[in-house]
Amino acid sequence: MSEKPLPALALVTLGCHKNLVDSERMLACLALDGFAITADPDGADVAIVNTCGFIDVARAESDRHIDALEAMKRDGRLGHVVVAGCMAQRYGREILKRHPDVDAVVGLAEREGMAEVCRRILDGRPVKRKRTRGRSESARKAGQAAMGHGPMVRVGPPPSAVPDDRERLRLTPRHYAYLRITEGCDNRCAYCAIPAIRGRLRSKPPARVLEEAEELVADGAKELVVIGQDTTAYGHDRRVKGRRLAGLLEALCERSGARWIRLMYAHPASISPDLIDRLAAGPPLVPYLDLPIQHIQTRILESMGRRVGRTGIEDLIDRLRAAVPHLAIRTSLIVGYPGETDDDFEHLMTFVAKVRFDHVGVFVYSPEEGTRAAGLPDRVAPEVARQRWERLMATAETLAHEAAAQHVGQTLETLVDGADAGGRLTARHAGQAPEVDSAVLLPAGAARTGEFCTVRVTGTDGYDLVADVVTDGDT
């Protein structure tokens, strides 16, 4: 008698890199439970969408992916659809009004129990629910009848425990990995729903962070990208004394074995002098900092609840560049925030042109239900916000092209990420983060994926650099 084939499961992961880490941990649990992981939902027994619910654009993307899977299910090409992640956590049962062919909606607390959820769906078993006292007999019977029918909904409060991200089935290339050091956030920025979705700040114990880092390096990671909702808040909830994030980074530099360590999601109000000193100390911590400032007008920043004004941001950037002369700074900005005037926007444009960030991301403000900013007066018209986004993006693009041109003739150390459809290699130097920044383009076959190589920049291609690999005989 032939053995029953393993149930095939596909996972679509959307949103930020914190969500990606959740997906990697989820996949490991599912694989260990006997699911066959496939990259293609077409023909799978179960497909999970790990959604993003941060802003309206992200939710629209999540809806499109769920729609596509529902259509596949109706065509008989897919067995079951599960919605997980931030949008599931935030909207729960409401998702079923928009997506009636979904089989389960599960919140963030179900990450470790996703295999049990999928098994119940596949087996057609009823959902276990708590008994409610005081219900009428007819209501009780109706509830019992409904238990074996309809979708499963498991959404509760955000997890209160610190997530343990060890043992992951990684979705990134083998040579880099994301290392999450915090979950949740206590900043309560006026425009942000993350604390309501992900909960309060929880910092991983340093020993666990180091153990996870060593595990990732042993699995082939040469670059560790340090992430969290706010990495600079690390240790605040645990009353860690002393250097907190700087101390953790020092330990990672000394013990992880990573060749590159990169810091993302740093709050400008929480950059300490010892963190600047650690950045200045150099490798394996690369001269790179992701520093979302969101705006530059103090009045807007105060309304946002950002805890730092224009003078503080300008002083911080000056101190960072004085301490780390070749520091690459990525930032994120919001346009169209309530009360933003034409004058406020022009100040932001002038500031960006003056500071010349290495990488810039711009978002149109999205009013999020339950946030303070959603109730503010003086809304900016959507068409005006869109025009501001286009102007700021055009300025950022021009500055990026000029910055790329300044690299021509330079010799840089790069890490090769892989090849495109035409065979041309993409690599990154220390000032470029994976997936979000520009790249260094190399000739096909010039180097091996996952390896470091020295290159000489010969030109530019839009945001990207074009380079040749430097051989031993080159001078």
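One structure accompanies this document, and this report is about it. Since the model is a prediction, treat every value here as computed from it, not as a measurement. (Residues numbered from 1 in each chain as written. Predicted model: local features only at pLDDT ≥ 70, side-chain atom pairs only at ≥ 80, totals over all residues. Heavy atoms only, no water.)

## A closer look at the nonpolar core
- Core analysis: the biggest nonpolar cluster contains 65 residues, and Tyr191, Leu224, Leu249, Leu252, Leu289, Leu291 and Leu392 have the highest contact counts within it.
- Ignoring sequence-local partners within four residues, the contact set of Leu392 consists of Leu333, Val335, Phe345, Leu348, Met349, Val352 and Val362.
- Listed in part, the 19 residues of the second largest apolar core include Ile66, Leu78, Val81 and Ile95. (Core = buried A, V, L, I, M, F, W, Y, C linked by side-chain atoms within 4.5 Å. Buried < 20%, exposed > 50% of the residue type's maximum accessible area, 1.4 Å probe, protein only. Contact = heavy atoms within 4.5 Å.)

## Points about the pairing of strand β4 (residues 80-85)
- Counting buried positions along β4 gives six out of six residues, so the element sits mostly inside the fold.
- What you see with β4 is no split at all: His80, Val82 and Ala84 on one side and Val81, Val83 and Gly85 on the other are buried throughout.
- The pairing of strand β3 (residues 46-51) with β4 spans six bridges and is parallel. Paired with Val49 across the strands is Val83, a residue of β4.
- The parallel pair β3 and β4 is bridged by helix α2 (residues 56-74), and the resulting crossover is right-handed.
- Note: β4 against strand β5 (residues 104-106), two bridges, orientation parallel. Within β5, the position partnered with Val83 by the bridge is Val105. (Helix = DSSP H or I, 4+ residues; strand = E, 2+ residues; numbered from the N terminus. Pairing = 2+ DSSP bridges. Right-handed = clockwise from strand over helix to strand, strands pointing away.)

## Considering the packing of helix α13 (residues 342-355) against helix α14 (residues 382-405)
- Their axes nearest at 10 Å, the elements α13 and α14 cross at an angle of 10°. Comparing the axis directions of α13 and α14 gives the class roughly parallel. Within the contact between the two elements, α13 uses Asp342, Phe345, Glu346, Leu348, Met349, Val352 and Ala353 and α14 uses Arg388, Arg391, Leu392, Thr395 and Leu399.
- The residue inventory of the contact of α13 with α14, partitioned by class, reads seven nonpolar, one polar and four charged. (Axes fitted to C-alpha atoms, helices over the stretch in contact; angles between N-to-C directions. Parallel < 35°, antiparallel > 145°, perpendicular 65-115°, else oblique. Nonpolar A, V, L, I, M, F, W, Y, C, P; charged D, E, K, R; others polar.)

## Points about the packing of aromatic side chains
- The tally for this structure, following the rule as stated, stands at four aromatic pairs.
- An angle of 85° between the planes, with centres 6.1 Å apart, marks the rings of Tyr176 and Tyr178 as edge-to-face. Tyr178 carries the same exposure label as Tyr176, and that label is buried.
- Aromatic side chains Trp260 and Phe452 sit 5.0 Å apart centroid to centroid with 80° between the ring planes, which places their arrangement in the edge-to-face category. On the criterion of sequence distance, the pair formed by Trp260 in strand β11 (residues 260-263) and Phe452 in strand β18 (residues 452-461) is long-range, its members being 192 residues apart. (Phe/Tyr/Trp six-rings, centres within 6.5 Å; stacked < 30°, edge-to-face > 60°.)

## Here we look at the packing of helix α9 (residues 245-255) against helix α10 (residues 273-281)
- Relative orientation of the contacting elements α9 and α10 amounts to 25°, with a least axis distance of 8 Å. Taken together, the axes of α9 and α10 are roughly parallel relative to one another. Contacts between α9 and α10 pair Leu245, Ala246, Leu249, Glu250 and Cys253 from the former with Asp274, Leu275 and Arg278 from the latter.
- Looking at side-chain class alone, the contact of α9 with α10 contains five nonpolar, no polar and three charged residues.

## Details of the sheet that holds β18
- Pairing is mixed around the closed barrel formed by five strands, whose spatial order is β15-β16-β17-β19-β18. Shown here is a sheet whose adjacent strand axes are inclined to one another by a mean of 50°, direction ignored.
- For strand β17 (residues 440-442) and strand β19 (residues 464-469), the ladder comprises two bridges, and the chain directions are parallel. Bridging across to β19, Leu441 finds its partner in Val466.

## With respect to α2
- Given a rise of 1.5 Å per residue, 19 residues ought to cover 27 Å, and the 27 Å separating the end C-alpha atoms of α2 matches this to within 8%.
- All buried positions along α2 are accounted for by Ala58, Arg59, Ser62, Ile66, Leu69, Glu70 and Met72. An end-on view of α2 places all buried positions within 160° of arc, on one side of the element. Away from its buried face, by an angle of more than 90 degrees, α2 presents the exposed residues Val57, Arg64 and Arg74.
- Buried-residue contacts for α2 involve β3, β4 and α3 (86-91).
- With its phi angle positive at about 80°, Gly76 sits one or two positions after the end of α2. (Expected span 1.5 Å × (residues − 1). Arc of directions from axis to C-beta.)

## Overview of the sheet that holds strand β10 (residues 223-227)
- Strand order in the open sheet made by the six strands is β7-β10-β11-β12-β13-β14, with parallel pairing throughout. Edge positions in the sheet fall to β7 (176-180) and β14 (359-364), since each of these pairs with one other strand and no more. Between one strand axis and the next, the sheet turns through 20° on average, direction left out of account.
- Together, β7 and β10 form the strand contacts of helix α8 (residues 206-218), whose direction differs from that of β7 by roughly 170°.
- Packing of α10 onto the sheet brings it into contact with β11 and β12 (285-290), and relative to β12 it is tilted by some 135°.

## Quick look at the environment of Val384
- On the secondary structure map, Val384 appears in helix α14.
- You can call Val384 partly exposed: its relative accessible area is 28%.
- In the structure, Val384 is positioned 16 residues away from Glu368 in sequence and 19 Å away in space, judged by C-alpha atoms.

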